[in-house]
Amino acid sequence: MKYRPLTKEQLLELPLEFAKFLATQQIDKAKWKQLKINKPKITEEELAIFSDLVWENVLNKTNYIEHISEHHLNVFKCNSKEIIRIYVKWEDSSKSFLNEEDFQWFLNHPLNEKIEYFKASKKYTSERNMELFKLIEMGGQISDSKLFDNLIQLID
């Protein structure tokens, strides 16, 4: 298995996709029920294959990832050959990126002296999708380009 199995909740969000996947494996609903009862190892293998396919599809489409913590903000633009990171550090310990009101204040006052910006880029050291998966597993969230685009305009 390349990634990790989808959670039960994630699988429940993909009933049609999973049914199509099983059909490509020539497994109908009745056969799937029998496999779950009589051959749980095979069902685990099928779920692992399906999970990897889903993750691969999602990661191929991923262009931006955000990781927000109390005083740090990491925003990544995930190109095909390199990843660009914008790191924002909030020096004011009374404010938090996790607080909606404080985050809005940050958006309205991005040039405040208590906010530091850093930008870097690096080539992937392993397969692109695996690196993105690791970022997601560490708490990153797939996002759109809005925050990255706004931040890059400030620092470039």
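Residues numbered from 1 in each chain as written. Predicted model: local features only at pLDDT ≥ 70, side-chain atom pairs only at ≥ 80, totals over all residues. Heavy atoms only, no water.

Colleague: Before we move on, could you go through the packing of aromatic side chains and cite the residues and values that matter?
Modeller: Inspection of the entire model under this criterion finds 14 aromatic pairs. Note on F103 and F106: the rings are 5.8 Å apart at their centroids and 55° apart in plane angle, and the pair reads as tilted. Note that F103 and F106 are positioned in helix α5 (residues 100-108) at a spacing of 3 residues, about one turn of the helix. Like F106, F103 is buried. Just above the ring of W105 sits the side chain of K95; from NZ or CZ to the centre is 4.7 Å. (Phe/Tyr/Trp six-rings, centres within 6.5 Å; stacked < 30°, edge-to-face > 60°. Helix = DSSP H or I, 4+ residues; strand = E, 2+ residues; numbered from the N terminus. Buried < 20%, exposed > 50% of the residue type's maximum accessible area, 1.4 Å probe, protein only. Lys NZ or Arg CZ within 6 Å of the ring centre and 35° of its normal.)

Colleague: So what's going on with the nonpolar core? Residues and values would help.
Modeller: Formed by 23 residues in total, the largest nonpolar core has its most connected members in F50, L59, I65, C78, I83 and L132. Elements with a contribution of two residues or more to this core: α2 (15-24), α3 (29-38), α4 (40-61), β2 (72-78) and α6 (128-137). Take this core: its biggest share by element is 5 residues, from α6. Excluding residues within four positions of it along the chain, I83 makes contact with F76, K77, C78, A120, S121, K122, Y124, L132 and L135. Membership of the second largest hydrophobic core comes to 16 residues, among which are Y64, I86, W90 and F148. (Core = buried A, V, L, I, M, F, W, Y, C linked by side-chain atoms within 4.5 Å. Contact = heavy atoms within 4.5 Å.)

Colleague: Summarise the environment of T7; cite the residues concerned and give the values.
Modeller: Examined against the element boundaries, T7 turns out to sit in the segment before α1 (8-12). Among the residues examined, T7 registers a relative accessible area of 33% and is labelled partly exposed.

Colleague: Explain the packing of α4 against α6 to me, using residue names and the numbers behind them.
Modeller: Between α4 and α6, whose axes approach to 10 Å, the crossing angle comes to 95°. Considering the angle they form, α4 stands roughly perpendicular to α6. Listed contacts from α6 to W55, E56, L59 and N60 of α4 are R128, N129, L132, F133 and I136. (Axes fitted to C-alpha atoms, helices over the stretch in contact; angles between N-to-C directions. Parallel < 35°, antiparallel > 145°, perpendicular 65-115°, else oblique.)

Colleague: So what about the pattern of salt bridges? Which residues, and what values?
Modeller: Enumeration according to the criterion identifies 5 salt bridges in this entry. With its nearest N and O atoms 3.0 Å apart, the salt bridge here joins R4 to E137. Placement of the pair is R4 in the segment before α1 and E137 in helix α6, with a sequence separation of 133 residues. For E137, a relative accessible area of 41% corresponds to the partly exposed category. Put simply, K122 and E131 hold a salt bridge, and the shortest N to O gap is 3.0 Å. Exposure remark for E131: the relative accessible area of 12% places this residue in the buried category. (Salt bridge = Lys/Arg side-chain N within 4 Å of Asp/Glu carboxyl O.)

Colleague: Tell me about α2, and please be specific about residues and values.
Modeller: By the burial criterion, the buried members of α2 are F18, F21 and L22. The buried residues of α2 occupy an angular sector of 100° when the element is viewed end-on, so they sit on one face. Pointing more than 90 degrees away from the buried face of α2 are the exposed residues L16, K20 and T24. In this fold, the buried residues of α2 make contact with α3 and α4. In the segment just after α2, Q26 is the residue with positive phi, at about 60°. (Arc of directions from axis to C-beta.)

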